[in-house]
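Inside the fold
Take a look at the letters that make up each chain.
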Amino acid sequence: MGHVRGVAPMYLVLLAWGYVVVMMAIAETMSPNGTLLGALLTLLLYGVGPMALVVYLAGTPLRRKARRRAEASASAAPDGRCEPPAAAEAPRITPVREEP
């Protein structure tokens, strides 16, 4: 399927937690003492905030791997070799000095 090991269960947990938070917000709205503002705060503080934090923390290894890959490709020469180009080498023939 192409998933990284352990990523698919994380999405399942996030989906389930999102369902629970939406049900909590609906219960907040429908209760006699509940308000729409309370439901909105429930969605933000119990749902969006923690879920965003979990996704960010879970994606840290992938971002680190991508950064290392980018640094490795930036350090290589444009033609794919790791050796410096010939123009950067010291000249092997000593130049002839002319008298003024």
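Residues numbered from 1 in each chain as written. Predicted model: local features only at pLDDT ≥ 70, side-chain atom pairs only at ≥ 80, totals over all residues. Heavy atoms only, no water.

Along the backbone of the protein there are three helices and zero strands. Secondary structure elements of the protein occur, N-terminal to C-terminal, as α-α-α. For the protein, the exposed surface amounts to about 8800 Å²; the carbon and sulfur share of it is 68%. (Helix = DSSP H or I, 4+ residues; strand = E, 2+ residues; numbered from the N terminus. Areas by Shrake-Rupley, 256 points an atom, 1.4 Å probe, with all protein chains shown as cover.)

What follows is about a positive patch on the surface. Taken together, the side chains of R63, R64, R67 and R68 make up a positively charged region of the molecular surface. Tracing the backbone shows R64 in helix α3 (residues 60-75). (Patch = residues over 30% accessible without salt bridge, like charges linked within 9 Å, V, L, I, M, F, W, Y side chains within 5 Å. Salt bridge = Lys/Arg side-chain N within 4 Å of Asp/Glu carboxyl O. Lys, Arg positive; Asp, Glu negative; His and termini not counted. Charge placed at Lys NZ, Arg CZ, Asp CG, Glu CD.)

As a note on interpretation, predicted positions should not be read in detail where pLDDT is low. Considering every residue of the protein, the mean pLDDT works out to 81; 76% of them sit at 70 or more. The lowest-confidence element of the protein is α3, averaging 84 in pLDDT; the highest-confidence one is helix α2 (residues 36-58), averaging 92. (pLDDT = per-residue confidence, 0-100.)

With that settled, the discussion passes to α2. Between the first and last C-alpha of α2 there are 32 Å, a value that for 23 residues agrees with the 33 Å anticipated at 1.5 Å per step. Largest kink in α2: about 30°, centred on L44. Those residues of α2 that fall on the buried side of the exposure criterion are G38, A39, T42 and G47. (Expected span 1.5 Å × (residues − 1). Bend = angle between axes of the 7 residues up to and from the residue. Buried < 20%, exposed > 50% of the residue type's maximum accessible area, 1.4 Å probe, protein only.)

In this section: the packing of aromatic side chains. Counting across every chain of the model gives zero aromatic pairs. Between R63 and the ring centre of Y56, over which it is positioned, the NZ or CZ distance is 4.1 Å. (Phe/Tyr/Trp six-rings, centres within 6.5 Å; stacked < 30°, edge-to-face > 60°. Lys NZ or Arg CZ within 6 Å of the ring centre and 35° of its normal.)

Another point: the side chain of T42. By the secondary structure assignment, T42 is in helix α2. Given the relative accessible area of 11%, T42 is considered buried. With residues near it in sequence (within four places) discarded, T42 still touches V21, M24, A25, E28 and G47. (Contact = heavy atoms within 4.5 Å.)

It is worth spelling out the environment of R63 at this point. Position of R63 among the secondary structure elements: in helix α3. The exposure class of R63 is partly exposed, given its relative accessible area of 35%.

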